[in-house]
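Now for the letters of each chain:
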Amino acid sequence: QVQLVESGGGLVQPGGSLRLSCVASGSILSVNTMGWYRQDPGKERELVATITIVGSTKYADSVKGRFTISRDNAKKTVYLQMNSLKPEDTAVYYCNAFIVSSKTYSGMNYWGKGTLVTVSS
């Protein structure tokens, strides 16, 4: 089985920083594009940032210049450094990855269970 586990969420004041981590584990042949998405209650899940296996990145306009996505391929881990946080960044943040299974040799998208980020004074 393949799973993604996020960590690093919590409560932070406006202007503060948090670093999210997401580790992939299980029967994995390769981990391709990884990313972070977020969802507010009552809203659709939205892209925050993605990073390819070679390190090409993409960001939502709302987080450009404040958030940085990175990855450690050896550790099968993706990070999201979030700086200058705003109340509107409050959401559940989900990790996503396209993973090829070492058992089936087929690839599919996997999601973590999410970690809550609350930006409030």
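Note: the structure precedes this text.
Owing to the predicted nature of the structure, the values given are computational and were not obtained by experimental measurement.

Our focus in this paragraph is the overall build of the chain. Looking only at helices and strands, the chain features zero helices and eleven strands. Listing every helix and strand of the chain by position from the N terminus yields β-β-β-β-β-β-β-β-β-β-β. At 14 Å, the chain has a C-alpha radius of gyration in line with the 14 Å of a compact globule built from 121 residues. Taking the principal axes of the C-alpha coordinates as reference, the chain spans close to 45 × 25 × 20 Å. Among the 121 residues that make up the chain, the fraction classed as buried is 40%. Contacts in the chain between residues at least 24 apart in sequence constitute 56% of all its contacts with a sequence separation of at least 6. A total accessible area of about 6500 Å² is found for the chain, and carbon and sulfur atoms account for 50% of it. Here the chain contributes 13 positive and 8 negative side-chain charges, whose respective centroids are spaced 8 Å apart.

With that settled, consider the side chain of Ser21. Relative to the elements of secondary structure, Ser21 occurs in strand E3 (residues 18-26). You can call Ser21 buried: its relative accessible area is 16%. When residues no more than four places from it in sequence are discounted, the contact partners of Ser21 are Val5, Glu6, Ser7, Trp36, Val78 and Tyr79.

If charged atoms from side chains of opposite charge come close, those side chains can pair. Tallied over the entire structure, the rule returns five salt bridges. Asp40 is paired through a salt bridge with Lys43; the nearest N and O atoms lie 3.9 Å apart. Three or more residues are tied together by salt bridges with common partners; here these are Arg38, Glu46, Arg66 and Asp89.

Okay, the sheet that holds strand E7 (residues 67-72) next. Reading across from one edge, E1-E3-E8-E7 is the order of the four strands in this open sheet, with antiparallel pairing throughout. On the outer flanks of this sheet lie strand E1 (2-7) and E7, each paired with one strand and no other. Direction aside, neighbouring strands of the sheet carry axes that sit 15° apart on average. The pairing of E3 with strand E8 (residues 77-82) spans six bridges and is classified as antiparallel. Bridge pairing links Val23 to Thr77 in E8.

This paragraph deals with unusual backbone geometry. A positive phi angle is found at Lys76, which is not glycine, with a value near 50°. Tracing the backbone through its elements, the reader meets Lys76 in the loop between E7 and E8. One non-glycine residue, Ser84, adopts positive backbone phi at about 50°. One can find Ser84 in the loop between E8 and strand E9 (91-101).

Parameters at a glance
- Residues numbered from 1 in each chain as written.
- Predicted model: local features only at pLDDT ≥ 70, side-chain atom pairs only at ≥ 80, totals over all residues.
- Heavy atoms only, no water.
- Helix = DSSP H or I, 4+ residues; strand = E, 2+ residues; numbered from the N terminus.
- Rg over C-alpha atoms; globule rule 2.2 N^0.38 Å.
- Buried < 20%, exposed > 50% of the residue type's maximum accessible area, 1.4 Å probe, protein only.
- Contact = heavy atoms within 4.5 Å.
- Areas by Shrake-Rupley, 256 points an atom, 1.4 Å probe, with all protein chains shown as cover.
- Lys, Arg positive; Asp, Glu negative; His and termini not counted.
- Charge placed at Lys NZ, Arg CZ, Asp CG, Glu CD.
- Salt bridge = Lys/Arg side-chain N within 4 Å of Asp/Glu carboxyl O.
- Pairing = 2+ DSSP bridges.
- Axes fitted to C-alpha atoms, helices over the stretch in contact; angles between N-to-C directions.

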